[in-house]
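Chain residues, written in single-letter form:
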Amino acid sequence: MLIAPLLALTALLGLSQPPAAPPAADPMPAKSHASTSKHMEWTIDGVKREGTIYLPANASTQPTPVVFGFHGHGGSARQAARSFKLHEAWPEALVVYLDGLPTPGAITDPKGERNGWQKDVGDQSDRDLKFFDAVLADLKQKYKVDESRIYSTGHSNGGAFTYLLWSARPDVFAAMAPCAAGGNLRIMSTLKPKPVLHIAGRADPIVNFNYQQRIMDQDRKIDSCNAQGKEWGGNKDCTIYDSKSGNPVITWIHDGGHVYPKEAPALVVKFFKEHAKGEKAESPAPAARPTEDAKPSLVPTH
(Lines give C-alpha, C1' and ligand atoms only; values in the text may rest on other atoms or scores of the structure.)
Protein backbone atom coordinates (compact mmCIF):
# COMPACT_ATOMS: atom_id res chain seq x y z
CA MET A 1 0.00 0.00 0.00
CA LEU A 2 1.44 3.37 -0.98
CA ILE A 3 -0.91 5.51 1.14
CA ALA A 4 1.34 5.82 4.19
CA PRO A 5 4.50 6.70 2.17
CA LEU A 6 2.57 9.28 0.18
CA LEU A 7 1.23 10.94 3.34
CA ALA A 8 4.74 11.07 4.76
CA LEU A 9 6.08 12.57 1.52
CA THR A 10 3.28 15.16 1.52
CA ALA A 11 4.11 16.24 5.04
CA LEU A 12 7.84 16.32 4.24
CA LEU A 13 7.36 18.57 1.22
CA GLY A 14 5.00 20.93 3.06
CA LEU A 15 2.10 20.08 0.78
CA SER A 16 -0.47 19.64 3.52
CA GLN A 17 -3.56 21.85 3.20
CA PRO A 18 -2.62 25.39 4.27
CA PRO A 19 -4.37 26.86 7.31
CA ALA A 20 -7.52 28.81 6.55
CA ALA A 21 -6.99 32.52 5.97
CA PRO A 22 -8.09 34.73 8.86
CA PRO A 23 -11.58 36.15 8.35
CA ALA A 24 -11.71 39.48 6.62
CA ALA A 25 -12.37 42.42 8.85
CA ASP A 26 -15.98 43.56 8.91
CA PRO A 27 -16.51 46.46 6.50
CA MET A 28 -17.26 49.86 7.92
CA PRO A 29 -21.03 50.00 8.47
CA ALA A 30 -22.77 52.35 6.08
CA LYS A 31 -23.95 55.54 7.67
CA SER A 32 -27.65 55.22 8.33
CA HIS A 33 -30.00 58.01 7.31
CA ALA A 34 -33.07 56.29 8.73
CA SER A 35 -35.33 58.42 10.87
CA THR A 36 -36.67 57.41 14.27
CA SER A 37 -40.41 57.12 14.88
CA LYS A 38 -42.02 58.66 17.94
CA HIS A 39 -45.63 58.43 19.11
CA MET A 40 -46.96 61.83 20.19
CA GLU A 41 -50.03 63.07 22.04
CA TRP A 42 -51.55 66.53 22.29
CA THR A 43 -54.66 67.84 24.06
CA ILE A 44 -56.78 70.23 21.98
CA ASP A 45 -59.85 71.78 23.63
CA GLY A 46 -59.84 68.95 26.15
CA VAL A 47 -59.64 66.21 23.50
CA LYS A 48 -56.61 63.92 23.22
CA ARG A 49 -55.14 63.91 19.72
CA GLU A 50 -52.45 61.51 18.55
CA GLY A 51 -49.93 61.00 15.81
CA THR A 52 -46.55 59.62 14.84
CA ILE A 53 -43.54 61.66 13.82
CA TYR A 54 -40.38 60.44 12.12
CA LEU A 55 -37.30 62.33 13.25
CA PRO A 56 -33.95 62.57 11.47
CA ALA A 57 -30.98 62.46 13.81
CA ASN A 58 -30.13 66.15 13.34
CA ALA A 59 -33.65 67.56 13.74
CA SER A 60 -32.63 69.44 16.90
CA THR A 61 -29.44 70.93 15.48
CA GLN A 62 -29.95 71.63 11.75
CA PRO A 63 -32.78 73.32 9.80
CA THR A 64 -35.11 70.45 8.95
CA PRO A 65 -37.93 70.28 6.36
CA VAL A 66 -41.33 69.22 7.71
CA VAL A 67 -43.84 67.11 5.76
CA PHE A 68 -47.41 66.44 6.92
CA GLY A 69 -49.16 63.36 5.52
CA PHE A 70 -52.94 63.14 6.10
CA HIS A 71 -54.81 59.84 5.81
CA GLY A 72 -58.14 59.47 4.00
CA HIS A 73 -61.55 58.95 5.60
CA GLY A 74 -61.46 55.83 7.76
CA GLY A 75 -57.66 55.79 7.86
CA SER A 76 -55.09 56.34 10.58
CA ALA A 77 -51.62 57.73 11.10
CA ARG A 78 -50.19 54.21 11.11
CA GLN A 79 -51.92 53.34 7.85
CA ALA A 80 -50.74 56.61 6.26
CA ALA A 81 -47.15 55.86 7.26
CA ARG A 82 -47.38 52.44 5.60
CA SER A 83 -49.00 53.81 2.44
CA PHE A 84 -47.20 57.12 1.96
CA LYS A 85 -43.70 56.07 3.15
CA LEU A 86 -42.60 59.70 3.00
CA HIS A 87 -40.17 59.15 5.87
CA GLU A 88 -38.42 56.50 3.77
CA ALA A 89 -38.35 58.63 0.63
CA TRP A 90 -37.04 61.67 2.55
CA PRO A 91 -35.32 60.51 5.76
CA GLU A 92 -33.71 63.94 6.21
CA ALA A 93 -37.17 65.49 6.72
CA LEU A 94 -39.30 65.52 9.84
CA VAL A 95 -42.40 63.63 8.69
CA VAL A 96 -45.71 63.90 10.56
CA TYR A 97 -48.65 61.49 10.35
CA LEU A 98 -51.67 62.48 12.44
CA ASP A 99 -54.89 60.69 13.44
CA GLY A 100 -58.21 62.25 12.53
CA LEU A 101 -61.38 61.90 14.63
CA PRO A 102 -64.78 60.36 13.78
CA THR A 103 -66.27 62.61 11.08
CA PRO A 104 -69.30 62.32 8.78
CA GLY A 105 -68.16 61.58 5.23
CA ALA A 106 -69.44 63.42 2.17
CA ILE A 107 -69.93 60.15 0.25
CA THR A 108 -69.48 57.29 2.71
CA ASP A 109 -69.96 56.98 6.48
CA PRO A 110 -72.72 59.61 6.88
CA LYS A 111 -72.99 58.81 10.61
CA GLY A 112 -69.36 59.74 11.15
CA GLU A 113 -68.18 56.50 12.71
CA ARG A 114 -64.71 56.59 11.15
CA ASN A 115 -61.79 58.98 11.37
CA GLY A 116 -61.57 61.96 9.06
CA TRP A 117 -60.83 65.66 8.78
CA GLN A 118 -62.94 68.83 8.79
CA LYS A 119 -64.02 69.98 5.33
CA ASP A 120 -64.19 73.77 5.66
CA VAL A 121 -63.29 76.63 7.96
CA GLY A 122 -65.65 76.43 10.95
CA ASP A 123 -66.61 72.79 10.33
CA GLN A 124 -66.27 70.58 13.44
CA SER A 125 -65.45 73.74 15.45
CA ASP A 126 -62.16 73.97 13.55
CA ARG A 127 -60.83 71.10 15.63
CA ASP A 128 -58.37 69.93 12.95
CA LEU A 129 -57.02 73.37 12.09
CA LYS A 130 -56.42 73.87 15.82
CA PHE A 131 -54.76 70.45 15.92
CA PHE A 132 -52.46 71.34 13.04
CA ASP A 133 -51.54 74.67 14.63
CA ALA A 134 -50.72 73.02 17.97
CA VAL A 135 -48.60 70.30 16.37
CA LEU A 136 -46.60 72.73 14.26
CA ALA A 137 -46.04 75.04 17.25
CA ASP A 138 -44.85 72.06 19.30
CA LEU A 139 -42.44 70.95 16.58
CA LYS A 140 -41.01 74.46 16.31
CA GLN A 141 -40.44 74.51 20.05
CA LYS A 142 -38.71 71.11 20.19
CA TYR A 143 -36.86 70.96 16.89
CA LYS A 144 -35.12 73.22 14.41
CA VAL A 145 -37.87 73.50 11.81
CA ASP A 146 -36.93 75.00 8.44
CA GLU A 147 -39.89 77.36 8.06
CA SER A 148 -39.18 77.81 4.36
CA ARG A 149 -39.75 74.08 3.76
CA ILE A 150 -43.07 72.98 5.26
CA TYR A 151 -45.29 70.78 3.07
CA SER A 152 -48.58 68.87 3.08
CA THR A 153 -49.85 65.85 1.20
CA GLY A 154 -52.89 63.67 1.80
CA HIS A 155 -55.15 61.10 0.23
CA SER A 156 -58.89 61.57 -0.39
CA ASN A 157 -60.35 63.40 2.65
CA GLY A 158 -56.73 64.02 3.68
CA GLY A 159 -56.09 65.56 0.27
CA ALA A 160 -59.13 67.79 0.70
CA PHE A 161 -57.76 68.81 4.09
CA THR A 162 -54.51 69.69 2.35
CA TYR A 163 -56.51 72.08 0.15
CA LEU A 164 -58.17 73.50 3.28
CA LEU A 165 -54.76 74.08 4.88
CA TRP A 166 -53.64 75.82 1.70
CA SER A 167 -56.63 78.15 2.07
CA ALA A 168 -56.59 78.65 5.84
CA ARG A 169 -52.81 78.69 6.43
CA PRO A 170 -51.44 79.92 3.09
CA ASP A 171 -48.25 81.47 4.43
CA VAL A 172 -47.13 78.31 6.24
CA PHE A 173 -46.49 76.03 3.29
CA ALA A 174 -43.98 75.95 0.45
CA ALA A 175 -45.92 73.44 -1.68
CA MET A 176 -48.87 71.03 -1.55
CA ALA A 177 -49.53 67.54 -2.98
CA PRO A 178 -53.18 66.38 -2.65
CA CYS A 179 -54.10 62.95 -4.01
CA ALA A 180 -57.53 61.59 -5.07
CA ALA A 181 -59.01 64.76 -3.60
CA GLY A 182 -61.98 66.92 -4.32
CA GLY A 183 -62.48 70.28 -2.72
CA ASN A 184 -64.94 72.90 -1.62
CA LEU A 185 -65.10 75.55 -4.33
CA ARG A 186 -65.43 78.28 -1.71
CA ILE A 187 -62.02 77.13 -0.54
CA MET A 188 -60.69 77.17 -4.11
CA SER A 189 -61.76 80.81 -4.45
CA THR A 190 -59.51 81.79 -1.53
CA LEU A 191 -56.29 80.06 -2.55
CA LYS A 192 -53.12 82.04 -3.04
CA PRO A 193 -50.70 80.96 -5.79
CA LYS A 194 -48.52 78.08 -4.61
CA PRO A 195 -46.77 75.11 -6.25
CA VAL A 196 -49.07 72.09 -6.28
CA LEU A 197 -48.93 68.48 -7.44
CA HIS A 198 -52.40 66.91 -7.79
CA ILE A 199 -52.60 63.12 -8.25
CA ALA A 200 -55.81 61.70 -9.78
CA GLY A 201 -57.01 58.33 -11.09
CA ARG A 202 -59.23 58.18 -14.17
CA ALA A 203 -61.03 55.17 -12.67
CA ASP A 204 -61.56 56.66 -9.21
CA PRO A 205 -64.94 55.31 -7.98
CA ILE A 206 -65.05 57.56 -4.89
CA VAL A 207 -63.98 61.03 -6.03
CA ASN A 208 -65.09 61.26 -9.64
CA PHE A 209 -62.28 62.12 -12.04
CA ASN A 210 -64.33 64.87 -13.71
CA TYR A 211 -64.60 66.64 -10.36
CA GLN A 212 -60.85 66.34 -9.87
CA GLN A 213 -60.22 67.63 -13.38
CA ARG A 214 -62.16 70.79 -12.51
CA ILE A 215 -60.04 71.21 -9.41
CA MET A 216 -56.82 70.79 -11.41
CA ASP A 217 -58.09 73.30 -13.99
CA GLN A 218 -58.72 75.74 -11.16
CA ASP A 219 -55.22 75.11 -9.77
CA ARG A 220 -53.76 76.22 -13.11
CA LYS A 221 -55.90 79.38 -13.13
CA ILE A 222 -54.91 80.26 -9.58
CA ASP A 223 -51.23 79.82 -10.40
CA SER A 224 -51.42 81.61 -13.79
CA CYS A 225 -50.04 78.61 -15.63
CA ASN A 226 -49.26 78.17 -19.28
CA ALA A 227 -51.89 76.35 -21.33
CA GLN A 228 -49.42 73.77 -22.60
CA GLY A 229 -47.61 71.38 -20.30
CA LYS A 230 -44.68 69.03 -20.63
CA GLU A 231 -43.63 65.72 -19.09
CA TRP A 232 -42.16 65.91 -15.60
CA GLY A 233 -40.25 63.62 -13.26
CA GLY A 234 -39.52 60.95 -15.85
CA ASN A 235 -43.16 59.82 -15.60
CA LYS A 236 -45.23 59.94 -18.78
CA ASP A 237 -48.38 60.49 -16.71
CA CYS A 238 -47.00 63.59 -14.97
CA THR A 239 -47.42 66.96 -16.68
CA ILE A 240 -45.94 70.23 -15.44
CA TYR A 241 -47.53 73.55 -16.34
CA ASP A 242 -45.07 76.39 -15.90
CA SER A 243 -46.38 79.47 -14.16
CA LYS A 244 -46.17 83.19 -14.72
CA SER A 245 -46.35 83.59 -10.95
CA GLY A 246 -43.45 81.21 -10.37
CA ASN A 247 -45.81 78.56 -8.97
CA PRO A 248 -46.04 75.57 -11.31
CA VAL A 249 -48.85 73.02 -11.27
CA ILE A 250 -48.10 69.35 -11.83
CA THR A 251 -50.91 66.95 -12.65
CA TRP A 252 -50.32 63.22 -12.29
CA ILE A 253 -53.20 61.46 -14.03
CA HIS A 254 -52.99 57.67 -13.91
CA ASP A 255 -55.36 54.91 -15.03
CA GLY A 256 -55.98 53.56 -11.54
CA GLY A 257 -58.66 54.19 -8.97
CA HIS A 258 -58.89 55.71 -5.51
CA VAL A 259 -55.28 55.03 -4.51
CA TYR A 260 -52.07 56.65 -3.36
CA PRO A 261 -49.81 55.17 -6.07
CA LYS A 262 -46.76 53.21 -4.96
CA GLU A 263 -44.59 55.55 -7.06
CA ALA A 264 -46.00 58.59 -5.26
CA PRO A 265 -43.55 58.92 -2.34
CA ALA A 266 -40.49 59.40 -4.55
CA LEU A 267 -42.20 61.86 -6.91
CA VAL A 268 -43.93 63.81 -4.15
CA VAL A 269 -40.61 64.19 -2.33
CA LYS A 270 -38.86 65.20 -5.57
CA PHE A 271 -41.54 67.87 -6.07
CA PHE A 272 -41.24 69.14 -2.50
CA LYS A 273 -37.45 69.33 -2.70
CA GLU A 274 -37.76 71.59 -5.76
CA HIS A 275 -39.76 74.23 -3.87
CA ALA A 276 -39.05 76.41 -0.86
CA LYS A 277 -40.63 79.67 0.20
CA GLY A 278 -38.71 82.74 -0.89
CA GLU A 279 -37.26 81.11 -4.02
CA LYS A 280 -39.82 82.48 -6.49
CA ALA A 281 -38.61 85.05 -8.97
CA GLU A 282 -41.93 86.84 -9.47
CA SER A 283 -44.60 88.19 -7.19
CA PRO A 284 -47.68 85.97 -6.85
CA ALA A 285 -50.66 86.84 -9.02
CA PRO A 286 -54.09 87.33 -7.44
CA ALA A 287 -56.08 84.16 -6.84
CA ALA A 288 -58.57 83.35 -9.58
CA ARG A 289 -62.23 83.00 -8.74
CA PRO A 290 -63.97 79.73 -9.64
CA THR A 291 -65.73 79.78 -12.96
CA GLU A 292 -69.45 79.13 -13.29
CA ASP A 293 -68.84 75.85 -15.07
CA ALA A 294 -66.92 74.62 -12.02
CA LYS A 295 -70.14 73.63 -10.26
CA PRO A 296 -71.31 71.69 -8.24
CA SER A 297 -70.35 73.93 -5.36
CA LEU A 298 -69.05 71.04 -3.28
CA VAL A 299 -66.82 68.43 -4.84
CA PRO A 300 -66.91 65.15 -2.90
CA THR A 301 -64.06 64.83 -0.42
CA HIS A 302 -64.84 61.28 0.81
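Our structure's up above, just so we're on the same page.
Computed from a predicted structure; not experimentally measured.

**A few points about the overall build of the protein**
Logical step 1: Each helix and strand counted, the protein has 8 helices and 12 strands in total.
Logical step 2: Each of the 302 residues in the protein was classed as buried or not, and the buried ones make up 51%.
Logical step 3: For the protein, the exposed surface amounts to about 14,700 Å²; the carbon and sulfur share of it is 54%.

**Let's talk about the sheet that holds strand 3 (residues 64-70)**
Logical step 1: Spatial strand order, 1-2-4-3-7-8-9-12-11-10: 10 strands in an open sheet with mixed pairing. Edge strands, defined here as strands with exactly one partner in the open sheet, are strand 1 (36-44) and strand 10 (230-232). If you compare each strand with its neighbour and ignore which way they point, the axes differ by 25 degrees on average.
Logical step 2: The pairing of strand 1 with strand 2 (residues 47-55) spans 9 bridges and is antiparallel. By the bridge assignment for strand 2, T36 is matched with L55.
Logical step 3: Along the sheet, helix 2 (residues 77-84) contacts strand 2, strand 3, strand 4 (94-98) and strand 7 (145-155); its crossing angle with strand 4, the most-contacted strand, is approximately 135 degrees.
Logical step 4: Sheet strands in contact with helix 4 (residues 127-142) are strand 1, strand 2, strand 3, strand 4 and strand 7, and its direction is about 125 degrees off that of strand 1.

**Some words on the packing of aromatic side chains**
One pair of aromatic rings is described through two measures. These are the centre distance and the angle between the planes.
Logical step 1: A complete count under the given rule lists 15 aromatic pairs for this structure.
Logical step 2: Aromatic pair Y163 and W166: ring centres 5.8 Å apart, planes at 15 degrees, arrangement stacked. In this pair, Y163 and W166 are both assigned in helix 5 (residues 157-168), 3 residues apart and thus about one turn of the helix distant. Comparing Y163 with W166 shows no difference in burial state: the two are buried.

**Examining unusual backbone geometry**
Logical step 1: Backbone geometry at K85 places phi at a positive 55 degrees, although glycine is not the residue there.
Logical step 2: Locating K85 in the fold gives a position in the loop between helix 2 and helix 3 (86-89).
Logical step 3: In this structure K85 comes out as partly exposed when scored by relative accessible area, which is 38%.
Logical step 4: Not every positive phi belongs to a glycine, and S125 is a case in point at roughly 55 degrees.
Logical step 5: Position of S125 among the secondary structure elements: in the loop between strand 6 (115-116) and helix 4.

**A word on the pattern of salt bridges**
Logical step 1: If you walk through the whole model with that rule in mind, you get 14 salt bridges.
Logical step 2: A salt bridge links D128 to R127, with the shortest nitrogen-to-oxygen separation between them at 3.4 Å.
Logical step 3: Judged by its relative accessible area of 1%, D128 is buried.

**Considering the side chain of H258**
Logical step 1: Mapped onto the elements, H258 comes out in the loop between strand 12 (249-254) and helix 8 (264-273).
Logical step 2: Within polar-contact distance, the side chain of H258 engages the side chain of D204 at 2.9 Å.

Conventions and cut-offs
Residues numbered from 1 in each chain as written. Predicted model: local features only at pLDDT ≥ 70, side-chain atom pairs only at ≥ 80, totals over all residues. Heavy atoms only, no water. Helix = DSSP H or I, 4+ residues; strand = E, 2+ residues; numbered from the N terminus. Buried < 20%, exposed > 50% of the residue type's maximum accessible area, 1.4 Å probe, protein only. Areas by Shrake-Rupley, 256 points an atom, 1.4 Å probe, with all protein chains shown as cover. Pairing = 2+ DSSP bridges. Axes fitted to C-alpha atoms, helices over the stretch in contact; angles between N-to-C directions. Contact = heavy atoms within 4.5 Å. Phe/Tyr/Trp six-rings, centres within 6.5 Å; stacked < 30°, edge-to-face > 60°. Salt bridge = Lys/Arg side-chain N within 4 Å of Asp/Glu carboxyl O. Polar contact = N/O pair within 3.5 Å; in protein donor to acceptor, adjacent residues only side chain to side chain.

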